[in-house]
Amino acid sequence: MSTVAFHTLGCKVNSYETEAIWQLFKADGYERVDFEQDEADVYVINTCTVTNTGDKKSRQVIRRAIRRNPDAIVAVTGCYAQTSPSEIAQIPGVDIIVGTQGREKLIEYVDQIRLERTPINAVGNIMKARDFEELDVPNFTDRTRASLKIQEGCNNFCTFCIIPWARGLMRSRQPESVVEQAKKLVEAGYLEIVLTGIHTGGYGEDLEDYNLAKLLLDLHQVEGLKRIRISSIEASQITDEVIQVINDSDRVVRHLHVPLQAGHDEVLKRMRRKYTTAEFYERMVKVREALPGVALTTDVIVGFPGETEEQFEQGYAFMQKIGFAEMHVFPYSMRTGTPAARMTDQVPEEIKHERVAKLLELNKELQMAYSQQFVGDVLEVIPERPFKDAPDSGLLMGYSDNYLNVVFAGDESMIGKICKVRLDGPGTDYCQGTFVRVLEQEQLPLLKERAI
């Protein structure tokens, strides 16, 4: 039996796509082996290009695979493969380069290489891609949440970002196909589906008379689906229609990840973001009215070119005012080929790191303040695995619908079921809780009447 090993760099979408590529190999009779431990017949490296470091790491991993087994077939895919195929082609030992589309042909390419060892570069012009690449994942290793990719690409062209050049323009998956895949995931035992993509909230912008709000409504018709989570949505995409659906739903969870990137209008403008802080704030207020107790999480880039101390301080105060449940904080990283990399007023590294440290401190305060509100409340938690810090302690960990990571005493038969858990101790990395009971099937949520 032929063996295949995978290595994924970068984002959650890449992880999803690696799992989907594995399904192709699995169907062809391959056995999956560990990239680091075992020698494989085929290596698939799914690359990242979001930063210059992503490119460098991708090259290192490719070389590592070639060293491990010089006779193996090495296939390189993903964003770095899409943007820089010629750089990858110069690495001796790479057999197949395929970008961020056309990956359903990978097995075909591998078979071709077996017959004739001539390198294949199958990278096409991503800007011309108009169809969604349908690659599915029927089950996820050790997960209670299933990801479902609903769109590809982005039309925003933020000045710090290379992604439209790596992923192409916005392409939505056909609604029937999304619903069909959701049904399959529920049949496979998943209670929660995370709608994911490169620019998830933009779903439907390229479809006629259809959008994210309509898709959410259609997903409510999937019997047995208990939770719907949107992986990420821009403030401008949280329309009144989306808010209405969320308000009327018992399935869309109380958690939205809304990238802010910067808390000052001048910086947002230079980033070419499509909102002001006032507009962002107004949307967050509306979301909180519709979903009391909602966890609003975000991404922030610190030290963007030209960011002054005053702009940073005002941004800090703005983030405090919104009161995010969690912030993912990144120092600005120069990406060759983007307008921001050509800006002259780059912020020195040490200033970036000082600002990052301040925001990470604020993040801890905000996480604690958010979880504090729920002490004494009974939340719905789906335990995912034994507590990772002490796997033999009889403790389980999992996420509540409002994205609190809760650790509580329970047995492994509860994993993957919806449990009622009382929150006892707030925390930053995780909260402590007490198991109350497992929710039985007939007590699970349905869509409220008004939204049907």
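In this text, all values refer to a predicted model and were calculated from it rather than measured experimentally. (Residues numbered from 1 in each chain as written. Predicted model: local features only at pLDDT ≥ 70, side-chain atom pairs only at ≥ 80, totals over all residues. Heavy atoms only, no water.)

Draft legend 1. How the structure looks around the overall build of the protein. When its secondary structure is counted, the protein shows 13 helices and 18 strands. Taken over the C-alpha atoms alone, the protein extends approximately 65 × 55 × 50 Å along its principal axes. For the protein, the residues scored as buried account for 55% of the 452 residues in total. Computed over 53 positive and 68 negative side-chain charges, the inter-centroid distance for the protein is 2 Å. (Helix = DSSP H or I, 4+ residues; strand = E, 2+ residues; numbered from the N terminus. Buried < 20%, exposed > 50% of the residue type's maximum accessible area, 1.4 Å probe, protein only. Lys, Arg positive; Asp, Glu negative; His and termini not counted. Charge placed at Lys NZ, Arg CZ, Asp CG, Glu CD.)

Draft legend 2. Quick look at the packing of helix H9 (residues 240-248) against helix H11 (residues 277-290). Between H9 and H11, whose axes approach to 9 Å, the crossing angle comes to 20°. The angle between H9 and H11 falls in the class roughly parallel. The interaxial crossing formed by H9 with H11 has right-handed handedness. Facing H9, whose interface residues are Asp240, Ile243 and Asn247, H11 presents Arg283, Lys286, Val287 and Ala290. Class assignment of the residues belonging to the contact of H9 with H11 gives a composition of three nonpolar, one polar and three charged. (Axes fitted to C-alpha atoms, helices over the stretch in contact; angles between N-to-C directions. Parallel < 35°, antiparallel > 145°, perpendicular 65-115°, else oblique. Left-handed = near helix turned anticlockwise from the far one by under 90°. Contact = heavy atoms within 4.5 Å. Nonpolar A, V, L, I, M, F, W, Y, C, P; charged D, E, K, R; others polar.)

Draft legend 3. Quick peek at the packing of aromatic side chains. Enumeration over the complete set of coordinates arrives at 16 aromatic pairs. The interplanar angle of 80° and the centroid separation of 6.0 Å between the aromatic rings of Phe6 and Phe25 together place this pair among those described as edge-to-face. With Phe6 in strand E1 (residues 3-8) and Phe25 in helix H1 (residues 12-27), this pair connects stretches of sequence that are 19 residues apart. According to the relative accessible area criterion, Phe25 is buried, its value standing at 0%. Summarising the aromatic geometry, the rings of Tyr399 and Tyr403 are spaced 4.7 Å apart at their centres and angled 15° between planes, so their arrangement reads as stacked. By relative accessible area, Tyr403 is classed as partly exposed at 22%. Ring pairing ties together the aromatic residues Phe6, Trp22, Phe25 and Tyr30, which thus form one cluster. In this structure, Lys321 packs its charged tip against the face of Tyr281, placed 4.1 Å from the ring centre. (Phe/Tyr/Trp six-rings, centres within 6.5 Å; stacked < 30°, edge-to-face > 60°. Lys NZ or Arg CZ within 6 Å of the ring centre and 35° of its normal.)

Draft legend 4. Up close: the sheet that holds strand E16 (residues 405-409). Taking strand neighbours around the barrel as the criterion, the five strands line up as E14-E15-E16-E18-E17 in a closed arrangement whose pairing is mixed. Between one strand and the next, the sheet's axes are offset by a mean angle of 50°, whatever the strand orientation. (Pairing = 2+ DSSP bridges.)

Draft legend 5. Quick look at unusual backbone geometry. Located in the positive-phi region is Phe157, a residue other than glycine, with phi close to 50°. Mapped onto the elements, Phe157 comes out in the loop between strand E7 (145-152) and helix H6 (163-167). We classify Phe157 as partly exposed; its relative accessible area is 23%. Of note, Gln261 is a non-glycine position whose phi angle comes to about 70°, a positive value.

Draft legend 6. The pattern of salt bridges, seen in detail. Under the counting rule described, the total for this entry stands at 31 salt bridges. As a salt-bridge pair, Glu17 and Arg167 come within 2.8 Å of each other at their nearest N and O atoms. One end of the pair, Glu17, is in helix H1; the other, Arg167, is in helix H6, with 150 residues separating them in the sequence. Arg167 shares its class with Glu17; the two are buried. Where Glu192 meets Arg229, a salt bridge forms, and the shortest distance between an N and an O atom there is 2.6 Å. (Salt bridge = Lys/Arg side-chain N within 4 Å of Asp/Glu carboxyl O.)

Draft legend 7. Looking closely at the nonpolar core. Membership of the largest hydrophobic core comes to 75 residues, with the highest contact counts inside it found for Phe160, Leu219, Leu256, Phe280, Phe324, Met327 and Leu359. Dropping the residues within four chain positions of it, Leu256 is found in contact with Ile230, Ile233, Ile238, Ile246, Val287, Val294, Ala295, Leu296 and Thr297. Among the nonpolar cores identified, the runner-up in size contains 21 residues, and Leu9, Cys48, Ile66 and Ile88 belong to it. (Core = buried A, V, L, I, M, F, W, Y, C linked by side-chain atoms within 4.5 Å.)

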